[in-house]
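# Survey of secondary and tertiary structure
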Amino acid sequence: VRHAILLRVERLGGEGVTVLETAAILGRSFDHETLLAVTGEPEGVVHDALAAAIAQQLIEEDPSRPGRYSWRHALTQEAIYAETVTPRRQAIHSRAADVLAQRESTRPVDLANHLLGAARFDEAVPVCQRSAEEAEGALAFSEAVSVLERALPYVDDPLERARVLCRIGRDQWRNGEPATAVGY
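Here's what I pulled together on the structure shown here. This one's a predicted model, so the numbers in the text were calculated from it and none came from an experiment.

This part is about unusual backbone geometry. Excluding glycine, a negative phi dihedral is what most residues carry, and trans is how most peptide bonds are arranged. The backbone of glutamine 57 shows a phi angle near 60°, a positive value even though the residue is not glycine. One can find glutamine 57 in the loop between helix H4 (43-55) and strand S2 (59-61). Accessibility expressed as a relative area gives 48% for glutamine 57, which makes it partly exposed.

The pairing of strand S1 (residues 29-31) with strand S3 (residues 68-71) spans three bridges and is classified as antiparallel. Looking at the pairing, phenylalanine 30 lines up with tyrosine 69 of S3. Bridge count for S2 against S3 is three bridges, and the pairing is antiparallel. Of the residues in S3, the one forming a bridge with glutamate 61 is tyrosine 69. In sequence, S2 turns back onto S3 through a hairpin of six residues, with glycine 67 there showing a positive phi of about 90°.

The next thing to look at is the pattern of salt bridges. Think of it this way: side chains of opposite charge can pair up when their charged atoms draw near. Following the criterion strictly, the structure yields ten salt bridges and no others. Among the ionic pairs, arginine 72 bridges to glutamate 60, the shortest N-O distance being 3.8 Å. In this pair, arginine 72 sits in the loop between S3 and helix H5 (74-83) while glutamate 60 sits in strand S2, placing the two residues twelve residues apart along the sequence. On the basis of relative accessibility, which here comes to 35%, the residue glutamate 60 falls in the partly exposed class. With its nearest N and O atoms 3.0 Å apart, the salt bridge here joins aspartate 98 to arginine 120. In this pair, aspartate 98 is assigned in helix H6 (residues 86-101) and arginine 120 in the loop between helix H7 (108-117) and helix H8 (121-137), connecting sequence segments 22 residues apart. With relative accessibility at 19%, the residue arginine 120 sits in the buried group. Beyond isolated ion pairs, a larger network of salt bridges with shared partners links Asp98, Arg120 and Glu123.

Our next topic: the environment of glutamate 78. As for its position among the elements, glutamate 78 is in helix H5. Using a relative accessible area of 45% as the deciding quantity, one classes glutamate 78 as partly exposed. C-alpha separation for the pair glutamate 78 and isoleucine 25, spaced 53 residues apart in sequence, amounts to 8.9 Å.

Here we come to the packing of H7 against H8. Following both chains from N to C, one finds H7 and H8 inclined at 155°, their axes separated by 8 Å at the closest point. Considering their axes alone, H7 and H8 lie roughly antiparallel with respect to each other. Note that H7 runs across H8; the crossing there is left-handed. Counting all contacts with H7, which are made through Pro108, Val109, Leu111, Ala112, Leu115 and Leu116, the residues of H8 involved are Phe121, Glu123, Ala124, Val127, Cys128, Arg130, Ser131 and Glu134. Among the residues forming the contact of H7 with H8, the class breakdown is ten nonpolar, one polar and three charged.

The tendency in soluble globular proteins is for nonpolar side chains to be buried side by side. Of all hydrophobic cores here, the largest spans 23 residues; its most connected members are Leu20, Phe30, Leu35, Leu50, Ile59 and Trp71. Within the residue set of this core, elements represented by two or more residues are helix H2 (13-26), helix H3 (32-39), H4, S3 and H6. By residue number, the principal contributor to this core is H2, which donates six residues. The contact partners of phenylalanine 30, leaving out residues within four places of it in the chain, are Ala23, Leu35, Leu50, Ile59, Gly67, Arg68, Tyr69 and Trp71. Of all hydrophobic cores here, the second largest spans 22 residues; its members include Leu111, Leu115, Val145 and Ala151.

Basis of the calculations
Residues numbered from 1 in each chain as written. Predicted model: local features only at pLDDT ≥ 70, side-chain atom pairs only at ≥ 80, totals over all residues. Heavy atoms only, no water. Helix = DSSP H or I, 4+ residues; strand = E, 2+ residues; numbered from the N terminus. Buried < 20%, exposed > 50% of the residue type's maximum accessible area, 1.4 Å probe, protein only. Pairing = 2+ DSSP bridges. Salt bridge = Lys/Arg side-chain N within 4 Å of Asp/Glu carboxyl O. Axes fitted to C-alpha atoms, helices over the stretch in contact; angles between N-to-C directions. Parallel < 35°, antiparallel > 145°, perpendicular 65-115°, else oblique. Left-handed = near helix turned anticlockwise from the far one by under 90°. Contact = heavy atoms within 4.5 Å. Nonpolar A, V, L, I, M, F, W, Y, C, P; charged D, E, K, R; others polar. Core = buried A, V, L, I, M, F, W, Y, C linked by side-chain atoms within 4.5 Å.

Spatial relationships are all this shows, so hold off on functional conclusions.
And the structure:
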């Protein structure tokens, strides 16, 4: 299935593939403005790639939100993401982080994901902690745990690491998982 998906993507040509790689790295859904800013490609190239991807039934536009696109199948996005070589994937994540950091409307979890994907760990840790605070405020404790666990390997200060571990345990407890919480 993955091979068949990648063959359909290759039909889009070099610039189309570049645009779709960027779209895959942006996530399950993405907007035109962000895609255009992160690719750095001329607007016509991005428009042509989007039109071709829609024709190939790889992506679809959200009818209620013009300019917002999503992958028709998660496997398509995952296959393109996995096929993108790591240095290129990290560079795209880094550009996406820079673009999203400029916007006040960016959710910390989205920025954190791109910073981690770009291997910009020193910047990612505080953003992950803000993201966890946002999730805790929404009582989404499993999301808070997930983002803190992703940041944990990059917390070097022993005291700060201990605080993050305790926070993960507390959030596990609040999420109704006391047995798991005890381990933290």
